[in-house]
Every structure is written in structure tokens, then in C-alpha cells.
Amino acid sequence: MVDIDFLHGGNIYEIKRRYKKEVIDFSANVNPLGLTKAVKRELSKCYRLIPHYPDPEAKDLIGQIAEYWAIEEQNILIGNGSIEIIYLIAHAFKPEKTLIPAPTFSEYERAVKSVGSKIEFLKLREMDSFTLNITNSDKADISFISNPNNPTGNLLVENKKLVLNSKLNVIDEAFMDFLPDERKRTFIWEAVKDKRFIVLRSFTKFFALPGLRIGYLVAHKDLIKRLKQIQPPWSVNSIAQHLARILLNDRDHIEKTRRLINEEREFLFNKLAALKRLKPYPSVANFFLVNIIDSRLDSSILTGRLIQEGILIRDCSNFRGLDGKHFRVAVRSHRENIKLINALREILCRS
Ligand SMILES: Cc1ncc(COP(=O)(O)O)c(C=O)c1O
């Protein structure tokens, strides 16, 4: 049993402090290919950027994102990870009432609570395959929709006709890049013209930059103006701005990542499903939510045992709407996925 109550995955530092162990990190849903050679090469030159302030407007990067999506620069705001933008939204619009699905990414709740919002949680039920069921009565100032949803891995908005009734609907597409048909699924083109939508995108997951902190938002230009008024200057450092540009241009890397995740997602799902006391839920993203169907085992015990094997998973017991029978794993490289499956098989046999 571990007494670690991490709010999020990816806390390899705490594991190192407590267990003096290096782990394969299945708890943060980050591209297993890591940094490309081109990025590593560029990084060695980035020291030149450090004695200067970053471009406060992030002009070059914004220009490139605008080109990538064929939208206007005035519709884009760069942030210190999409997390900065989630808090900017809460503070700029100060919702009285917010709709949040459960389970989902916990920072929506923290962000709007910090401005005193009331929250209505929309329960995603296993028996409905965690789909979102919004009715005409579900109205609020803001709703936060993670699409695909963390931690369940499904699209909450599959059909763009789904009623999204709030005055402002924030569609968080942190994992959307992993979908080969993301251009069909994204709300980016709705958001540039319709003030009821904001889209969040992240460089963290798909481009494996969690340590640099960079993401962006796409919205109507009037909303961008309001958000800019409260954003601290220079919140995105120059190295992050520079490397994000290189990654966004790298079509080969983007395709290679999608192919890898596609193949390994299927492999990992089948192997997890074959372990009799585990039930993975289908996912379109680069991670799975898994249910433990075993009265003697819970996610905390399992997390502790896997740490001893050098593997870190995300215990999901602190997600609103889940319990100690759930954990989440990222899709990683073939070799690492096999390691995870072997360790799980061994632990399940012993328990
Ligand atoms: C759904 C979702 N949105 C946003 C974030 C934050 O990402 P970033 O690193 O861009 O701040 C996360 C991180 O786990 C997430 O799961």
C-alpha cells in the first residue's frame, strides 16, 4: 500500500525521493517517442535565447499555428501550458455556475472554485460507456469538456450536434492530436467565429514537452482580448516557443507518433483485457482507464507493487466519480508495454 496522494500523474520526483528508484512513467500520458533528434540539436543552441526576454507576443509561433490551422493570428493565445489558460479563463470570466463532467481532469474544478463558482457535476457512467448526456436544462456560464476525456479516453463530443448549452463551452483538446481524424473532430474552426466556444490545445502530451510548459487557446478575437488583459507578461519562455515551432513543422514525427500509438494502443488493450481481473475501457487517446475486478486488490496497493518493479501508473482513486478500483496507464513503446503487462501478470498471480 502506498500513502502517496498525488493530485496528478508524472510525479517521478516524489518516487525518486521516497523509493530511490527510477521508474518507467505510465502515469503521465506523454508521447513515448520523446524528443526528436532535430529538437535535441536545436536545444544545444538555445542558450543564446536565455539572456533575452521571450517574445511577449510569441509572434513567430502564433504565425505558425495560424498557418497550421488556416486561421487568423488574432484568434490564438499562447500559454504556460494549457493549465495557465484554464486558470485565465476562470479568472477572466468568473462564472457563477460551471458544468463539469465527472470523472475528468481535476484542474477545471480547482480553477473555478478559486473564483467562487458553484459547480454542477455531470456524472459519466460506466454503464453508458462514460458518454456525456447533456440535456436542455443543463445550462451554466461555463462548461469544461475534455475531448477526448482524461481519464476515460473516449470522445465526450463525438457528434458536433451534441447540445452544448453553456454561455461558454471550453473544449479541452489536450489529447486530440493523437487522433488521425483530428481535423474532423476539432472545434477550432467553430471557436474562431462563435463566442460560445473556446478550444485548448497542449504541446505537453503529443510533443512530449511537459517540462517546458506550453499550450495555446483558440477563440474569437474578443475573448482573446479579455484573456490577454490578465495574463502575466512573458509567461511562455523563449526555449518553449522556439522548440514548439520546430515540432509543429515536423510532419514525419507527427505521422510516426500516430502510427505508433495506433498500433500500441491495440496491443496494450488486448493484453490488458486478457488479464482476467482487469477491465480496460476502450480509448481513442494514448491512455487507458482500467478497472480492477478483484476484491483483494485496489489501485493503491497495485501502484505500490508496480513501483517496486520500476513502473509508475496513475492511481485514479482521487478522481471525482472514480474509486480505489481504477487506475490509468499511458500507451508507451512496445518494449515498455510488454514490461507493464509482465509485471501486472506477475502481481495478479501472486495476489
Ligand atoms: C485534459 C487535460 N488538459 C490539460 C492538461 C494540462 O496540460 P498542460 O501540460 O498543457 O498544462 C492536462 C494534463 O494532464 C490534461 O489531462
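Residues numbered from 1 in each chain as written. Predicted model: local features only at pLDDT ≥ 70, side-chain atom pairs only at ≥ 80, totals over all residues. Heavy atoms only, no water.

Where do I start with the site of the ligand in this structure?
Around the ligand sit 14 residues, and of these Asp172, Ser202, Thr204, Lys205 and Arg213 come closest. Measuring from a nitrogen atom of the ligand, one finds a side-chain N or O atom of aspartate 172 at 2.5 Å. Alone, the ligand offers 400 Å² of accessible surface; in the complex the protein occludes 91% of this. In terms of residue count, helix 4 (residues 81-93) provides more of the shell around the ligand than any other element does, three residues in total. (Near = heavy atom within 4 Å. Polar contact = N/O pair within 3.5 Å; in protein donor to acceptor, adjacent residues only side chain to side chain. Areas by Shrake-Rupley, 256 points an atom, 1.4 Å probe, with all protein chains shown as cover. Helix = DSSP H or I, 4+ residues; strand = E, 2+ residues; numbered from the N terminus.)

Can you walk me through the domain arrangement of the protein chain in this structure?
One widely used convention gives an interface's size as the accessible area the parts lose upon coming together. As far as domains go, the protein chain holds domain 1 (12-35 + 252-350) and domain 2 (37-249). In this structure, domain 1 and domain 2 have C-alpha centres spaced 25 Å apart. A combined buried area of about 2500 Å² lies between domain 1 and domain 2, and 65% of that area is made up of carbon and sulfur atoms. In terms of surface lost to domain 2, no three residues of domain 1 exceed Leu35, Arg258 and Arg320, which account for 30% of the buried area on that side. Taken together, the connections running from domain 1 to domain 2 amount to three salt bridges. Residues lysine 279 and glutamate 126 are paired through a salt bridge, measuring 2.8 Å at the closest nitrogen-oxygen approach. (Domains from an automatic or database assignment. Buried area = accessible area lost by both parts, 1.4 Å probe. Salt bridge = Lys/Arg side-chain N within 4 Å of Asp/Glu carboxyl O.)

How should I be thinking about the pairing of strand 4 (residues 118-123) in this particular structure?
Remember that side chains alternate between the two faces of the sheet whenever the strand is regular. In terms of strand pairing, strand 3 (residues 97-102) meets strand 4 through six bridges, oriented parallel. Opposite leucine 99, over in strand 4, you have glutamate 120 as the bridge partner. In this fold, strand 3 hands off to helix 5 (residues 107-113), which returns the chain to strand 4; that crossover is right-handed. (Pairing = 2+ DSSP bridges. Right-handed = clockwise from strand over helix to strand, strands pointing away.)

Sorry, what's going on with the environment of arginine 196 here?
The residue arginine 196 is located in the loop between helix 7 (188-193) and strand 7 (197-202) in this model. As a C-alpha pair, arginine 196 and aspartate 141 span 55 residues in sequence and 10.0 Å in three-dimensional space. Setting aside residues no more than four positions away along its own chain, arginine 196 makes contact with Leu164, Lys167, Leu168 and Asn169. Here aspartate 194 takes part through its side chain, which lies 2.7 Å from a polar atom of the side chain of arginine 196. (Contact = heavy atoms within 4.5 Å.)

What exactly am I supposed to notice about the environment of leucine 122 here?
With respect to the helices and strands, leucine 122 occurs in strand 4. Once the C-alpha coordinates of leucine 122 and isoleucine 89 are considered, the two residues, 33 residues apart in sequence, prove to be 20 Å apart. Leaving out residues up to four positions away in the same chain, leucine 122 has contacts with Leu99, Ile100, Pro101, Ala102, Leu132, Ile134 and Asp138.

Explain the sheet that holds strand 8 (residues 215-218) here, please?
Across a sheet, paired strands are connected by hydrogen bonds in the backbone, their directions being either parallel or antiparallel. In space, the seven strands of this open sheet follow the order 2-8-7-6-5-3-4, with mixed pairing throughout. Only two strands of the sheet have a single partner each, and these edge strands are strand 2 (76-79) and strand 4. The sheet shows a mean angle of 20° between the axes of neighbouring strands, direction not considered. Across four bridges, the pairing between strand 7 and strand 8 is antiparallel. Following the sheet pairing, arginine 201 is matched in strand 8 by tyrosine 216. (Axes fitted to C-alpha atoms, helices over the stretch in contact; angles between N-to-C directions.)

Sorry, what's going on with the packing of aromatic side chains here?
Note on aromatic pairs: each is described by the distance of the centres and the angle between the planes. Summed over the entire model, instances satisfying the criterion amount to 13 aromatic pairs. With a centroid separation of 4.9 Å and an interplanar angle of 65°, the aromatic rings of phenylalanine 178 and phenylalanine 206 are classed as edge-to-face. In this pair, phenylalanine 178 sits in the loop between strand 6 (168-172) and helix 6 (182-185) while phenylalanine 206 sits in the loop between strand 7 and strand 8, placing the two residues 28 residues apart along the sequence. With relative accessibility at 1%, the residue phenylalanine 206 sits in the buried group. A cation over an aromatic ring shows up here: arginine 320 above the ring of phenylalanine 121, its NZ or CZ 4.1 Å from the ring centre. Lying across the ring of phenylalanine 287, arginine 328 places its NZ or CZ 5.9 Å from the centre. (Phe/Tyr/Trp six-rings, centres within 6.5 Å; stacked < 30°, edge-to-face > 60°. Buried < 20%, exposed > 50% of the residue type's maximum accessible area, 1.4 Å probe, protein only. Lys NZ or Arg CZ within 6 Å of the ring centre and 35° of its normal.)

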